[in-house]
Amino acid sequence: MDRKTISEIVETVSPERCAELAVALVDVPSLTGNEQPIAECVHGILGEMGADTYMQEFEPGRYNAIGRIRGRGDGATLLLNGHMDIAFSGTEPYLPKGPGYQPKAVVKDGWIYGMGVHNMKGGCAAFLAAAEAIRKSGIELRGDLLMAFVGGEIERHSINQYQGASFRGGGCGTKHFVTNGGIADMAVVGEPTRMMLINEHVGSVAVRITTRGMPAPLRVSDHGSNAIKKMQVLIDVFDAYAEEYSMRHAYKDGHATVHMHSIEGGWPFRCNRVPIFCHVFLEYRLMPNQKVNEVPLDLELLLNRVRQKRPDITFDTEFFVTLPPAQDCSKTCIADAIRVAHKSVTNTPPEEGIGLFYSDASHLQAYGIPAINYGPSGRTITNKENWDPEIGEHLSIEDLTETAKVYTALALDVCSKTREELGLRPPGL
C-alpha cells in the first residue's frame, strides 16, 4: 500500500473518537476477576465496526474479547494485545480519592482521568480507533488484523488468604488465548510506554519468607518466642542486600531490583499473645539476561546473611510468582514496522529501551510470537516520569490520538504486504 493512501486513512483518526472510546472503556469497572462486563462492551464495539468478534471464556464469568479484520489470506497476521482489567476498584481503604483513582472517566483540558485509562484502557481505545479507521476506509488487507482484549493481566496473585478469581492475574487471559487458537506472526502489546518502543522487559518472581515463634501469654512472654523480632533481623539487613543484588545484575543501561512489598505477623485479634508467625513478601524484578530458576540462589544469600547474625533463626520459603522476562525483539519485523509507523506520524524516530514493567509479551513470546510494547500512556500532566501518585491514572488525548494513528499506519503497512515482503515464510512452503 502506498504511503499516500496510508496517510489519508491515518488522518481520519480523530481526537474526539479516541476520547469517546477511552471514556466508554473507563466507565465500565473491570477489576481483575470481573472482566465480563468490559468484555461485553468491547465485543459490542468490535461488532458495530464490522469486525468478526467473539467472547472467549477463560474462567467462569471471565472473558477475553477477540476481534479480527480478515484479509485475503496471503499476508501476515498482526496481533494487537491489550488487557481490560484494572488495578483497583476505587473503594480500597487508604487509596487516594481523586478522579484518577475512580472507575468513572473525567475529561478536562485535553486529559482523561479515570481508573484504567493509564493501564491500559487507553491502549485498548487506541487499538479500537485504529481498527475502526481501517474498517471505514473499505481497504482490503492481505493479512489479518487480530485483536485480543484480555482479562487477568494485572499482577494480582494468589497467596495465603488472598484466593479466588480476583487474585488470579499475571497474564492468565492471554495464556488462555494463545493456548486456544491465538496464532499470529507478530504482536504489539499496548502497555503504557509513553510511545516508547519497548523491545524487552523485566520478569517477576515473588516469594513469601516466614519465621515461626512459640505461643505464650504476655504475662509470661519470656516462655514464648517472638516471630516478629526474628524477622526484624532480616529486615535490618535487607536494604543493603537489595542494593547489592541490583548492582550484581546489571543489563545494558538498567539494573534488576528486589523490594519488600508486604509484611504480615501475629494475630491482630489476640492482643495478649506473643506473635508466633511473621511473613515478609519480596518481589525480584529480573532483567532479560536472568533466569527464573536463579532467584532461589539469590534469596539464599539474604538468608545466609541473617543466619550469620542469628544462627538460631530458621525460615520457611514459598515462591508464588514466576513470570519470565520478555526477550529482546529489537531486530524483528514488528519492531522495524513500529519504527516506520511512529516516524510517519510524529516525524521523529521513537525512543527505545527496556521496560521495567511486566506484560503479556512474555506469554506471546513463549508461543513463538515476536512481541514488543508500545502504548500511549505515561506522560503526566505534572511532568513526573510515567506516574504521579497524587493524581493517579490519566492520559493526554493528544498522545492517545497519535498512538491510534501509529497503530493505524502500522496495521495498514504490515497487513498490506506479502509474507515475503515482511521476511516471513511464504504460504505453501
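Our subject is the structure listed above.
## Concerning unusual backbone geometry
(1) Moving on: Along the chain, asparagine 119 connects to methionine 120 via a cis peptide bond; the corresponding omega equals -15 degrees.
(2) Moving on: With respect to the helices, strands and loops of the structure, methionine 120 is situated in helix α4 (residues 117-137).
(3) Moving on: Phi is positive for lysine 252, which is not a glycine, with a value near 55 degrees.
(4) Moving on: Within the fold, lysine 252 resides in the loop between β10 (250-251) and β11 (254-255).
(5) Moving on: Residue classification places lysine 252 among the exposed residues on the basis of a relative accessible area of 56%.
(6) Moving on: Here asparagine 383, not a glycine, exhibits a phi torsion of approximately 70 degrees, which is positive.
(7) Moving on: Structurally, asparagine 383 is set in the loop between β16 (371-373) and β17 (394-396).
(8) Moving on: Assessed through its relative accessible area of 70%, asparagine 383 is described here as exposed.

## Focus: the state of the cysteines
(1) Moving on: Enumeration over the complete set of coordinates arrives at zero disulfides.
(2) Moving on: Cysteine 124 provides the cysteine sulfur closest to cysteine 41, a residue in no disulfide bond, and the two sulfurs are 10 Å apart.
(3) Moving on: Not part of a disulfide, cysteine 415 finds its nearest cysteine sulfur in cysteine 333, a span of 10 Å.

## A few points about the pattern of salt bridges
(1) Moving on: Per the counting criterion, the structure on display carries 32 salt bridges.
(2) Moving on: With a closest N to O distance of 2.8 Å, arginine 17 and glutamate 132 form a salt bridge. Of this pair, arginine 17 sits in helix α2 (residues 15-26) while glutamate 132 sits in helix α4; the two residues are 115 residues apart in sequence, bridging distant segments of the chain.
(3) Moving on: Residue class for arginine 17 comes out partly exposed when judged on its relative accessible area of 23%.
(4) Moving on: Among the residues examined, glutamate 132 registers a relative accessible area of 11% and is labelled buried.
(5) Moving on: The salt bridge partner of glutamate 35 is arginine 62, with a shortest N-O separation of 2.9 Å. Within this pair, whereas glutamate 35 is found in the loop between α2 and α3 (36-49), its partner arginine 62 is found in strand β2 (residues 62-69), the two being separated by 27 residues in sequence. By the burial criterion, glutamate 35 is buried, and arginine 62 matches it.

## Thoughts on the sheet that holds strand β9 (residues 203-212)
Backbone hydrogen bonds are what pair the strands of a sheet, in a parallel or an antiparallel way.
(1) Moving on: Across the sheet, four strands lie side by side as β12-β13-β9-β14; this open sheet has antiparallel pairing. The sheet terminates laterally at β12 (257-265) and β14 (316-323), the two strands that pair on one side only. The sheet shows a mean angle of 15 degrees between the axes of neighbouring strands, direction not considered.
(2) Moving on: Here β9 runs beside β14; their pairing, made up of seven bridges, is antiparallel. The residue bridging valine 207 from the neighbouring strand is phenylalanine 319, located in β14.
(3) Moving on: Along the sheet, helix α6 (residues 227-248) contacts β9, β12 and β13 (277-286); its crossing angle with β13, the most-contacted strand, is approximately 10 degrees.
(4) Moving on: In this fold helix α7 (residues 295-309) packs onto β9, β13 and β14, with an angle of close to 130 degrees to the strand it touches most, β13.

## Structural notes on the nonpolar core
(1) Moving on: In this structure, Leu78, Leu128, Leu145, Phe149, Val188, Ile372 and Leu410 are the most contacted members of the largest nonpolar core, which totals 69 residues.
(2) Moving on: Broken down by element, the residue count for this core peaks at 12 residues, all from α4.
(3) Moving on: If near-sequence neighbours (up to four positions away) are discounted, valine 188 is found in contact with Leu79, Leu80, Asn81, Phe127, Ile334, Ile338, Ile372, Tyr374, Tyr407 and Leu410.
(4) Moving on: Residues Met231, Cys278, Phe315 and Ile354 belong to the second largest nonpolar core, which totals 30 residues.

## Here's the deal with helix α10 (residues 397-415)
(1) Moving on: The end-to-end C-alpha distance of α10, which contains 19 residues, comes to 27 Å, matching closely the 27 Å that a straight helix rising 1.5 Å per residue would cover.
(2) Moving on: Its side-chain oxygen 3.2 Å from the backbone nitrogen of glutamate 398, serine 396 forms the N-cap of α10.

## Considering the sheet that holds β17
(1) Moving on: Strand order in the open sheet formed by three strands is β4-β5-β17, and the pairing between neighbours is antiparallel. Edge positions in the sheet fall to β4 (106-108) and β17, since each has one partner strand and no second. Strand-to-strand twist across the sheet, computed as the mean angle between neighbouring axes with direction ignored, equals 20 degrees.
(2) Moving on: Across three bridges, the pairing between β4 and strand β5 (residues 111-113) is antiparallel. By the bridge assignment for β5, lysine 108 is matched with tryptophan 111.
(3) Moving on: Across the sheet, α10 lies against β4, β5 and β17, angled at about 65 degrees from β17, the strand it touches most.

## A closer look at the packing of α2 against α10
(1) Moving on: Packing of α2 against α10 brings their axes to within 9 Å, and their N-to-C directions diverge by 100 degrees. Our classification of the angle between α2 and α10 gives roughly perpendicular. Counting all contacts with α2, which are made through Pro15, Cys18, Ala19 and Ala22, the residues of α10 involved are Ile397, Leu400, Thr401 and Ala404.
(2) Moving on: When its residues are assigned to classes, the contact of α2 with α10 shows seven nonpolar, one polar and no charged.

Reading the values: the criteria
Residue positions are given per chain, counted from 1 along the sequence in the order it is written. Given that the model is predicted, a residue must reach a pLDDT of at least 70 before its local features are reported, and side-chain atom pairs must reach 80 or more before they are shown or counted; all residues, however, enter totals for whole chains, interfaces and linings. Working from all heavy atoms in the structure, the side-chain values ignore hydrogens and water. Helix numbers and strand numbers start at the N terminus; a helix is a DSSP run of H or I with at least 4 residues, a strand a run of E with at least 2. Three labels apply to residues, based on accessible area from a 1.4 Å probe with only protein chains included: buried if under 20% of the type maximum, exposed if over 50%, partly exposed otherwise in between. Pairs of cysteine sulfur atoms within 2.5 Å are what we label disulfides. The term salt bridge refers to a pairing of a side-chain nitrogen on Lys or Arg with a carboxyl oxygen on Asp or Glu at a separation within 4 Å. Being paired, for any two strands, means DSSP has found at least two bridges between them. The angle between two axes is taken between their N-to-C directions and runs from 0 to 180 degrees, where each axis is a line fitted to C-alpha atoms and a helix contributes only its stretch in contact. Contact between two residues is taken to exist if any of their heavy atoms lie within 4.5 Å; hydrogens are not considered. Only buried residues count toward a nonpolar core, which is a set of Ala, Val, Leu, Ile, Met, Phe, Trp, Tyr and Cys residues joined through side-chain atoms within 4.5 Å. What a helix should span is 1.5 Å times the count of its residues minus one. We define a polar contact as two N or O atoms separated by no more than 3.5 Å, with the added condition that, inside protein, one atom must be a possible hydrogen donor and the other a possible acceptor, whereas residues neighbouring each other in sequence contribute only through side-chain atom pairs. Note on angle classes: values under 35 degrees are labelled roughly parallel, values over 145 roughly antiparallel, values of 65 to 115 roughly perpendicular, and the remainder oblique. We call Asp, Glu, Lys and Arg charged. Ala, Val, Leu, Ile, Met, Phe, Trp, Tyr, Cys and Pro are nonpolar, and the rest, Gly among them, are polar.

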